[in-house]
Amino acid sequence: MTPKPKIPDYSYSTCHADVPRMSHAAVFMQSHQLTKQLSYASLYNSIQILDQFPIFKKKMEGVNVSTHPQIPGEPTQTSTALLEKTTATIQGFGPINKIHQHLCAFHFYGDDMTRQVEAHHFCAHQNEEFRQCLIYDRPAEDGRLIGLEYLVSEELFLTLPDDEKRFWHSHEYEVKSGVLFMPGVPGPVQRQELDKVAKTYGKVIHFWQVDRGDNLPLGIPQVMMALTRDGQLYDNLAQDVEKRYKVSFAKEREKRASMKGAVDGIHPMANGGGKGLKTVVREVECKTTESTARVFV
Amino acid sequence: MEGVNVSTHPQIPGEPTQTTTALLENTTATIQGFSPINKIHQHLCAFHFYGDDMTRQVEAHHFCAHQSEEFRQCLIYDRPDEEGRLIGLEYLVSEELFLTLPDEEKRYWHSHEYEVKSGVLFMPGVPGPVQHHDLDKVAKTYGKVIHFWQVDRGDNLPLGIPQVMMALTRDGQLYDKLAQDVEKRYKVSFAKESEKRASMKGPVHGIHPMANGGGQGLKTVLREVECKTTESTARVFV
């Protein structure tokens, strides 16, 4: 007798409809039955017992929402487009013109590894040890600005206070596994650059939770983390990217085998320091510019 | 009270960019596509302050792109040149889109009516009449600003967690020194601009009471939690 998983009601999105989740009652019932059986079976046999329950058989999948984003609102008017051409010609765009690299990778939420997001980075070097990257959900004109990342060299990372190190993640695994790559760039050119990236640390913040179907940037910004070992990334997300960009992570991994990560090893305080991190908002007294005298006037 | 201007000579620590890196960047710049970045067509200058502290005011250079007539995405740098540090970003929505947001969400958004009509928000280098055409629309929009690099307290790397920011909503908030510094550098006069923009109107329905923090200070804080993992629950018992 296998209980049917119940699909909960998500009022804000239908994106998760294809990932059945069990209600709390069903989980409890299954684990209760499980415990009864386990008490009569050795741990070795427990795998066979678990296979009876369909939920454990279903592979976890990531939800890909990068296709056809729908930002609400009227399409851009001609007058607006003309104005933009004018300002584009007259004004200077120094900081933007420095953006010279496109990198593709995955991030997950600091408190929830099951929510994974494809992230297209557009990066600029401020100097040899520091980069600023803008993150869009797709590398096209209708790409939504969903986050950003700062990359620092290992030397700079080690100067950060321990409390701050928690927000930063290592890049060694992402680079060596082949998952982080530069679309369109020939292998040898990429690898020269990625050899450096493997030793860096990154701080990622996302402010638009496109993976839960938000079509406007709602909520407060969240600190994100990145992959640190095999088995974390959902297969379907990986295969989708491999297909679209005609790359093979496995083949890249072989070619990158000689790359090394941070010289001093991955710092224990990095990658959340082993904890989940979540930002929340607090309502407080807003400190104002009026001098205290005015309070009484 | 005076504002602190830290836009001059930012010092990002680290070795200067090597030639090999610069060459590689030229290569990737030629081969790869940069469509989302190429849409960025406007430079706007304005001021923001921290959601929980109006005494900390920051000059903000916005580089904006229209995703549609009603939605813009802007990158915020502390100065509009090559050394500019990416300190924040802003989303702008039309009044219609703003009204579709849940009330809880409206708190994070601020109105632009005062900034535009006071002359403080402007587009460097663009002739008056061209600016006014666009600012007339901006005056009716709402913006959500997040900063992640607290340059005003002298941080030379982006430390801490992102903060929701707010914008000016009436006279007397902006520090004179900061205003005069911008007026001098860009050869503008906020007072004169204000006169020319007198006929502009803010949101049709008036400034929503939940906007601009809903009257409260807002501060993001960090919470340590259990991180939900991808391993199936089966592994807990195995």
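Small disclaimer: the values here were computed from a predicted structure and weren't measured.

**Section: the environment of B:Ser199**
Line of reasoning, step 1. With respect to the helices and strands, the residue B:Ser199 is situated in the loop between α8 (190-196) and β8 (217-225).
Line of reasoning, step 2. For the pair B:Ser199 and B:Lys117, spaced 82 residues apart in sequence, the C-alpha to C-alpha distance is 8.6 Å.

**Let's talk about the packing of aromatic side chains**
Line of reasoning, step 1. Inspection of every chain in the model, using the stated rule, returns 19 aromatic pairs over all chains.
Line of reasoning, step 2. An angle of 65° between the planes, with centres 6.4 Å apart, marks the rings of A:Tyr150 and B:Phe148 as edge-to-face. On the criterion of chain membership, the pair formed by A:Tyr150 in strand β4 (residues 145-152) and B:Phe148 in the loop between β6 (142-147) and β7 (163-167) is interchain, its members lying in two chains.
Line of reasoning, step 3. With 5.5 Å between their ring centres and 85° between their planes, A:Tyr150 and B:Trp149 make a pair best called edge-to-face. Of this pair, A:Tyr150 sits in strand β4 while B:Trp149 sits in the loop between β6 and β7, on two different chains.
Line of reasoning, step 4. A relative accessible area of 0% means that A:Tyr150 is categorised as buried.
Line of reasoning, step 5. Classification of B:Trp149 as buried rests on a relative accessible area of 0%.
Line of reasoning, step 6. A cation sits over an aromatic face here: A:Arg115 above A:Tyr109, 3.9 Å from the ring centre.
Line of reasoning, step 7. The ring centre of A:Phe157 lies 5.9 Å from the NZ or CZ of A:Lys165, which sits over that ring.

**Considerations on the side chain of A:Arg166**
Line of reasoning, step 1. Following the sequence through the fold, A:Arg166 ends up in the loop between α7 (162-165) and β5 (168-170).
Line of reasoning, step 2. Look at A:Arg166 and you get buried, because its relative accessible area is 12%.
Line of reasoning, step 3. Side chain to side chain, A:Arg166 and B:Glu224 meet in a polar contact 2.7 Å long.
Line of reasoning, step 4. The contact partners of A:Arg166, leaving out residues within four places of it in the chain, are A:Met225, A:Met269, A:Asn271, A:Gly272, A:Gly273, A:Leu277, B:Leu222 and B:Glu224.

**Looking at the state of the cysteines**
All names here are of chain A.
Line of reasoning, step 1. According to the stated counting rule, one finds 2 disulfides over all chains in the structure shown.
Line of reasoning, step 2. Two residues, cysteine 123 and cysteine 133, share a disulfide whose sulfurs are 2.4 Å apart. Around the S-S axis, the bridge from cysteine 123 to cysteine 133 shows a dihedral of about 110° and counts as right-handed. Residue cysteine 123 is located in strand β2 (residues 112-127), and its partner cysteine 133 is located in strand β3 (residues 130-136); the two are separated by 10 residues in the primary sequence.

**Observations concerning the pattern of salt bridges**
Line of reasoning, step 1. Counted according to the given criterion, the structure contains 30 salt bridges over all chains.
Line of reasoning, step 2. Between A:Arg244 and A:Glu118 there is a salt bridge, with the nearest N and O atoms lying 2.7 Å from each other. Remark: A:Glu118 occurs in strand β2 and A:Arg244 occurs in helix α10 (residues 235-245); sequence separation between them is 126 residues.
Line of reasoning, step 3. Taking relative accessible area as the criterion, A:Arg244 reaches 37% and is therefore assigned partly exposed.
Line of reasoning, step 4. Taking the relative accessible area as the measure of exposure, A:Glu118 reaches 6% and is therefore buried.
Line of reasoning, step 5. In this structure, A:Glu283 and B:Arg107 form a salt bridge, with 2.7 Å as the shortest nitrogen-oxygen distance. Of this pair, A:Glu283 sits in strand β8 (residues 276-284) while B:Arg107 sits in the loop between α4 (103-106) and β5 (109-111), on two different chains.
Line of reasoning, step 6. Given the relative accessible area of 42%, A:Glu283 is considered partly exposed.
Line of reasoning, step 7. Its relative accessible area of 7% is what places B:Arg107 among the buried residues.
Line of reasoning, step 8. Via salt bridges that share partners, A:Glu118, A:Asp240 and A:Arg244 belong to a single interconnected network.

**Overview of the interface of chain A and chain B**
Line of reasoning, step 1. Between chain A and chain B, the contact holds 113 residues from the first and 109 residues from the second.
Line of reasoning, step 2. Carbon and sulfur atoms make up 63% of the surface buried where chain A meets chain B, a total of about 9500 Å² over both sides.
Line of reasoning, step 3. The salt bridge partner of B:Glu224 is A:Lys275, with a shortest N-O separation of 3.6 Å.
Line of reasoning, step 4. Scanning the region where chain A abuts chain B turns up 47 residue pairs in polar contact (both at pLDDT 80 or more).

**A word on the confidence of the model for chain B**
Residue and element names in this part refer to chain B.
Line of reasoning, step 1. Of all residues in chain B, 92% attain a pLDDT of 70 or more, and the chain-wide mean is 89.
Line of reasoning, step 2. Contacts from residues 233-238, a stretch scored under 50 in pLDDT, to residues over four places away or in other chains number 9 contacts.
Line of reasoning, step 3. Taken together, the chains of this predicted complex give a pTM of 0.81 and an interface ipTM of 0.87.

**Some points on helix α7 (residues 176-186) of chain B**
All names here are of chain B.
Line of reasoning, step 1. Along α7, the residues classified as buried are Leu178, Ala179, Val182 and Glu183. End-on, the buried residues of α7 take up no more than an arc of 130°, which puts them together on one face. Facing away from the buried surface of α7 by more than 90 degrees, the exposed residues are Asp176 and Lys184.
Line of reasoning, step 2. Just downstream of α7 lies lysine 187, where phi reads positive at about 55°.

**What about the packing of helix α4 (residues 78-90) of chain A against helix α6 (residues 128-138) of chain B?**
Line of reasoning, step 1. At a minimum axis separation of 11 Å, α4(A) and α6(B) run at an interaxial angle of 130°. Considering the angle they form, α4(A) stands oblique to α6(B). With respect to the hand of their crossing, α4(A) and α6(B) are arranged in left-handed fashion. Seen from α4(A), the contacting residues are A:Ser79, A:Thr80, A:Leu83 and A:Thr86; seen from α6(B), they are B:Val130, B:His133, B:Asp134 and B:Lys137.
Line of reasoning, step 2. Here the contact of α4(A) with α6(B) is built from residues that sort into 2 nonpolar, 4 polar and 2 charged.

**Details of unusual backbone geometry**
Excluding glycine, residues mostly carry a negative phi; peptide bonds, for their part, are mostly trans.
Line of reasoning, step 1. The phi torsion at A:Asn271 lies on the positive side, around 55°, for a residue other than glycine.
Line of reasoning, step 2. With respect to the secondary-structure elements, A:Asn271 resides in the loop between α11 (249-255) and β8.
Line of reasoning, step 3. With a phi close to 55°, B:Asn212 is a non-glycine residue in the positive phi region.
Line of reasoning, step 4. By secondary structure assignment, the location of B:Asn212 is in the loop between α8 and β8.

**Overview of the confidence of the model for chain A**
Residue and element names in this part refer to chain A.
Line of reasoning, step 1. Across chain A, the average pLDDT comes to 80, with 74% of residues at 70 or higher.
Line of reasoning, step 2. With pLDDT under 50 throughout, residues 54-58 is counted as low confidence; its partners more than four residues away or in other chains account for 11 contacts.
Line of reasoning, step 3. Note that pLDDT drops below 50 for residues 292-297; the model gives that stretch 0 contacts with residues more than four away or on any other chain.

Rules and cut-offs
- Residues numbered from 1 in each chain as written.
- Chains lettered and ligands numbered in written order.
- Predicted model: local features only at pLDDT ≥ 70, side-chain atom pairs only at ≥ 80, totals over all residues.
- Heavy atoms only, no water.
- Helix = DSSP H or I, 4+ residues; strand = E, 2+ residues; numbered from the N terminus.
- Phe/Tyr/Trp six-rings, centres within 6.5 Å; stacked < 30°, edge-to-face > 60°.
- Buried < 20%, exposed > 50% of the residue type's maximum accessible area, 1.4 Å probe, protein only.
- Lys NZ or Arg CZ within 6 Å of the ring centre and 35° of its normal.
- Polar contact = N/O pair within 3.5 Å; in protein donor to acceptor, adjacent residues only side chain to side chain.
- Contact = heavy atoms within 4.5 Å.
- Disulfide = S-S within 2.5 Å.
- Salt bridge = Lys/Arg side-chain N within 4 Å of Asp/Glu carboxyl O.
- Buried area = accessible area lost by both parts, 1.4 Å probe.
- pLDDT = per-residue confidence, 0-100.
- Arc of directions from axis to C-beta.
- Axes fitted to C-alpha atoms, helices over the stretch in contact; angles between N-to-C directions.
- Parallel < 35°, antiparallel > 145°, perpendicular 65-115°, else oblique.
- Left-handed = near helix turned anticlockwise from the far one by under 90°.
- Nonpolar A, V, L, I, M, F, W, Y, C, P; charged D, E, K, R; others polar.

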